[in-house]
Amino acid sequence: MSSSLSGAALPRARPLASLRLQSIDALRGLVIVFMLLDHVRETFFLHAQVSDPMDVAATDPALFFSRLLAHVCAPVFVFLTGLSAFLYGTRQADGRAATSAFLLKRGLFLIVLEFTLINFAWTFQLPPQVIYLQVIWAIGLSMVALAGLVWLPRGVLTALGLAIVAGHNLLDGLHFPVGDVLHLPWAVLHDRGWIEVSETLRMRTSYPVLPWIGVIALGYAAGPWFGGATPPAARQRLLARSGLALLAGFVLLRSINVYGDRPWAAGESVLATLMSFVNVTKYPPSLLFLMLTLGIGLLLLLVFERQQQRHGGFLPPALAWLKVFGSAPMFFYLLHLYVLKLLYLTAVTIWGLNQGRFFGFDSIGAVWLVMVILTALLYAPVKAFAGVKTRRRDIAWLKYL
């Protein structure tokens, strides 16, 4: 969620760059809305769903596809973080050195946030008994890794990113038991699990970071597509070809059931078969998961680019509101977590721990409705904060949000 790298509010001396980056912020804003939908589900719909909302055999299709929609969030965020890091460097006098330093500092900042404000928003435990190392942790570690990788030639960086994304599933069978010297680093990198810190504290590596390092590297390598030397038509061709190639590759590789994820199986209906076909692994993100979600993300970015071009360099009103969320995504992330927690605790205070009986939603449609309402309510504070970030460039810490 690298809003300060997004170029959402560039100096007036660079109006063309500012216009060029509206589509990036709009896409980031769109996936924020998808994330909000999923977090509303996790807060007020848990009583009405199975243990795994991607369980094809037991999950209602509306719930399944709502959860599938949220799968787009993390890959797009991480890819755009890498892309935005490249664009940040193009605006600095010392280029890669400034980018590397900023990535390192912002990555460490995000890791601290995950351990503190974000984990507290999920658990409301102080001191914590469990720390969930989730998406902000993964983005932070990926940024720290990219701080070193930016010094590689672009071709080498691209090859490394592709090798990690395409090849990490070869490591799925590699595990190290608790007590082994490699258990901790491997749990962080690839093998989702628990880390016992003490008798009173343990950590869950919900987002193993190795594949995300590949994604952020590919985002950085795609940066020149959005550089001033690349005409819009050429950029749009690259987005179209890359997005379609990823989706075609997904269909082909998924069809033969050989590599890239757990096998799918034909169901009792066309819908059940489709659900199995697109039921891909997120933890850690499989090759097929990333091909599907990044393919969709690149095509959405293409749509936003073309809409912006058709409206004289500005996004149409139907899309322009999204870039407000995309220009301050970290602020939105923290704000929505605490708003949802406050709503949940208020409901528990009134009705007790009776979700599903006295409060909660009866259908996934209600989850969507609340997502829309919260999107509208959160728009004003996020817009106000984004405005402060733009005006107060003298406040250094604001760029980290």
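Residues numbered from 1 in each chain as written. Predicted model: local features only at pLDDT ≥ 70, side-chain atom pairs only at ≥ 80, totals over all residues. Heavy atoms only, no water.

(A) Seen up close, the domain arrangement of the protein chain. What the domain assignment lists for the protein chain is domain 1 (30–49 + 323–400) and domain 2 (50–315). A C-alpha centroid distance of 21 Å is found between domain 1 and domain 2. In this complex, domain 1 contributes 25 residues to the contact, which on the side of domain 2 involves 30 residues. Taken together, the two surfaces of domain 1 and domain 2 that pack against each other cover about 2,600 Å², and 76% of this comes from carbon and sulfur. Counting across the interface, domain 1 meets domain 2 through one salt bridge. Across the pair Arg 67 and Asp 38 runs a salt bridge, and its minimum N-O distance is 2.6 Å. At the boundary of domain 1 with domain 2, the tally comes to four residue pairs in polar contact (both at pLDDT 80 or more). In terms of residue count, the dominant contributor to the side of domain 1 that touches domain 2 is helix α2 (residues 22–44) (10 residues). (Domains from an automatic or database assignment. Contact = heavy atoms within 4.5 Å. Buried area = accessible area lost by both parts, 1.4 Å probe. Salt bridge = Lys/Arg side-chain N within 4 Å of Asp/Glu carboxyl O. Polar contact = N/O pair within 3.5 Å; in protein donor to acceptor, adjacent residues only side chain to side chain. Helix = DSSP H or I, 4+ residues; strand = E, 2+ residues; numbered from the N terminus.)

(B) Representation of the sheet that holds strand β2 (residues 194–196) within the structure. If you trace the three strands from one edge of the open sheet to the other, you get β1-β3-β2, paired in mixed fashion. Lying at the two open borders of the sheet, with one neighbouring strand each, are β1 (130–132) and β2. Going across the sheet, the axis of each strand differs from the next one's by a mean of 20°, ignoring polarity. As paired elements, β2 and strand β3 (residues 202–204) share three bridges and run antiparallel to each other. By the bridge assignment for β3, Ile 195 is matched with Met 203. Sheet contacts for helix α5 (residues 96–123): β1 and β3; angle to β1, the most-contacted strand, approximately 105°. (Pairing = 2+ DSSP bridges. Axes fitted to C-alpha atoms, helices over the stretch in contact; angles between N-to-C directions.)

(C) How the structure looks around the packing of α2 against helix α15 (residues 329–351). The geometry of α2 relative to α15 is characterised by a closest axis approach of 11 Å and an angle of 20° between their N-to-C directions. Classified by the interaxial angle, the pair formed by α2 and α15 is roughly parallel. With respect to the hand of their crossing, α2 and α15 are arranged in right-handed fashion. Within the contact between the two elements, α2 uses Arg 28, Ile 32, Met 35, Leu 36, His 39, Val 40, Thr 43 and Phe 44 and α15 uses Pro 329, Phe 332, Tyr 333, His 336, Leu 337, Leu 340, Leu 343 and Tyr 344. Among the residues making up the contact of α2 with α15, the classes are represented as 12 nonpolar, three polar and one charged. (Parallel < 35°, antiparallel > 145°, perpendicular 65-115°, else oblique. Left-handed = near helix turned anticlockwise from the far one by under 90°. Nonpolar A, V, L, I, M, F, W, Y, C, P; charged D, E, K, R; others polar.)

(D) Spatial organisation of the confidence of the model for the protein chain. Per-residue pLDDT for the protein chain averages 90, and the proportion of residues at 70 or more is 93%. Note that residues 1–17 has pLDDT below 50 and, in this model, 54 contacts with residues that lie over four places away or in other chains. (pLDDT = per-residue confidence, 0-100.)

(E) Focus on the side chain of Asn 119. Within the fold, Asn 119 resides in helix α5. Classification of Asn 119 as buried rests on a relative accessible area of 1%. Those residues within four positions of Asn 119 in sequence are excluded, and the remaining contacts are Leu 113, Glu 114, Phe 124, Pro 128, Val 130, Ile 131 and Tyr 132. (Buried < 20%, exposed > 50% of the residue type's maximum accessible area, 1.4 Å probe, protein only.)

(F) Expanded view of the packing of aromatic side chains. Overall, the coordinates contain 17 aromatic pairs when judged by the stated rule. Taken together, a centroid distance of 5.5 Å and an interplanar angle of 50° make the contact between Phe 44 and Phe 361 tilted. Taken as a pair, Phe 44 in helix α2 and Phe 361 in the loop between α15 and α16 (364–391) lie far apart in primary sequence, 317 residues in all. Neither residue differs from the other here; Phe 44 and Phe 361 are each classed as buried. An aromatic cluster is defined as three or more aromatic residues linked by ring pairs; in this entry it consists of Trp 321, Phe 325, Phe 332 and Tyr 379. (Phe/Tyr/Trp six-rings, centres within 6.5 Å; stacked < 30°, edge-to-face > 60°.)

(G) View of the packing of α2 against helix α4 (residues 73–90). Interaxial distance between α2 and α4 falls to 10 Å at its minimum, and their mutual angle equals 155°. Taken together, the axes of α2 and α4 are roughly antiparallel relative to one another. As for how α2 packs across α4, the hand of that crossing is left-handed. Of α4, the residues touching α2 (which contributes Ile 24, Leu 27, Arg 28, Val 31, Ile 32, Phe 34 and Met 35) are Cys 73, Val 76, Phe 77, Leu 80, Leu 83, Ser 84 and Leu 87. A class-by-class count of the residues in the contact of α2 with α4 yields 12 nonpolar, one polar and one charged.

(H) Here's a closer look at the environment of Leu 238. The residue Leu 238 is located in helix α10 (residues 232–256) in this model. Distance in space between the C-alpha atoms of Leu 238 and Val 209 is 27 Å, their sequence separation being 29 residues.

(I) Fine view of a nonpolar patch on the surface. There is a patch of nonpolar side chains on the surface, built from Leu 170, Leu 171 and Leu 174 and spanning about 270 Å² of accessible area. Within the secondary structure, Leu 174 sits in the loop between α7 (154–167) and α8 (183–189). By relative accessible area, Leu 174 is classed as partly exposed at 36%. (Patch = residues over 30% accessible without salt bridge, like charges linked within 9 Å, V, L, I, M, F, W, Y side chains within 5 Å. Areas by Shrake-Rupley, 256 points an atom, 1.4 Å probe, with all protein chains shown as cover.)

(J) View of the environment of Val 303. Here Val 303 lies in helix α12 (residues 287–310). Taking the C-alpha atoms as reference, Val 303 lies 26 Å from His 39; in sequence the two are 264 residues apart.

(K) Layout of the nonpolar core. Ranked by internal contacts, the top residues of the largest apolar core, which has 114 residues, are Trp 212 and Met 330. Ranked by residues supplied to this core, first place goes to α2 with 13 residues. Counting only domains with at least three residues in this core, you end up with domain 1 (30–49 + 323–400) and domain 2 (50–315). Not counting the four nearest positions on each side in its chain, Trp 212 is found in contact with Ala 74, Pro 75, Val 78, Ala 138, Ser 142, Tyr 207, Pro 285, Phe 289 and Leu 290. (Core = buried A, V, L, I, M, F, W, Y, C linked by side-chain atoms within 4.5 Å.)

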